[in-house]
Amino acid sequence: MAKQHDDDDGRVIFDMSGLNDISKPSLENLGEARKKPNKSERRQRPYVEMSNSDARKAAFSATLAALLVAGVFIVGIGLFILFCVYVWFR
């Protein structure tokens, strides 16, 4: 028997009865699933191709942003160590 809770008013928030009905691919459909779509079936790319210079600029900007974040962490850890040595452990 399912346990009844005092605060259960019987409303269904999300019907989870269909979550166990996962369809498994059969061996007959496996070949069709691996088939490459033709040009009419292909989805259009939602982005514009980048040129080499734009890709280099984006990679450089992402690397610079990562180095900035790493630098902030390194400075913070260094300041914490200085605080520990000169203030906390005295």
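Thresholds, definitions, all that
- Residues numbered from 1 in each chain as written.
- Predicted model: local features only at pLDDT ≥ 70, side-chain atom pairs only at ≥ 80, totals over all residues.
- Heavy atoms only, no water.
- Helix = DSSP H or I, 4+ residues; strand = E, 2+ residues; numbered from the N terminus.
- Buried < 20%, exposed > 50% of the residue type's maximum accessible area, 1.4 Å probe, protein only.
- Areas by Shrake-Rupley, 256 points an atom, 1.4 Å probe, with all protein chains shown as cover.
- Phe/Tyr/Trp six-rings, centres within 6.5 Å; stacked < 30°, edge-to-face > 60°.
- Salt bridge = Lys/Arg side-chain N within 4 Å of Asp/Glu carboxyl O.

(A) Representation of the overall build of the chain within the structure. Secondary structure summary: the chain contains two helices and zero strands in total. Counting the 90 residues in the chain, one finds 1% classified as buried. Only carbon and sulfur atoms are counted for the fraction: they give 61% of the accessible area of the chain, which is about 9700 Å².

(B) How the structure looks around the packing of aromatic side chains. Per the counting criterion, the structure on display carries three aromatic pairs. Note on F80 and W88: the rings are 6.4 Å apart at their centroids and 70° apart in plane angle, and the pair reads as edge-to-face. Take W88: its relative accessible area is 53%, and that puts it in the exposed class. An aromatic cluster of three or more residues is present, and its members are F80, F83, W88 and F89.

(C) Seen up close, the pattern of salt bridges. Under the criterion given, the structure shown has one salt bridge. Across the pair D9 and R11 runs a salt bridge, and its minimum N-O distance is 2.7 Å.

Function-wise, these values are silent; they only describe arrangement.
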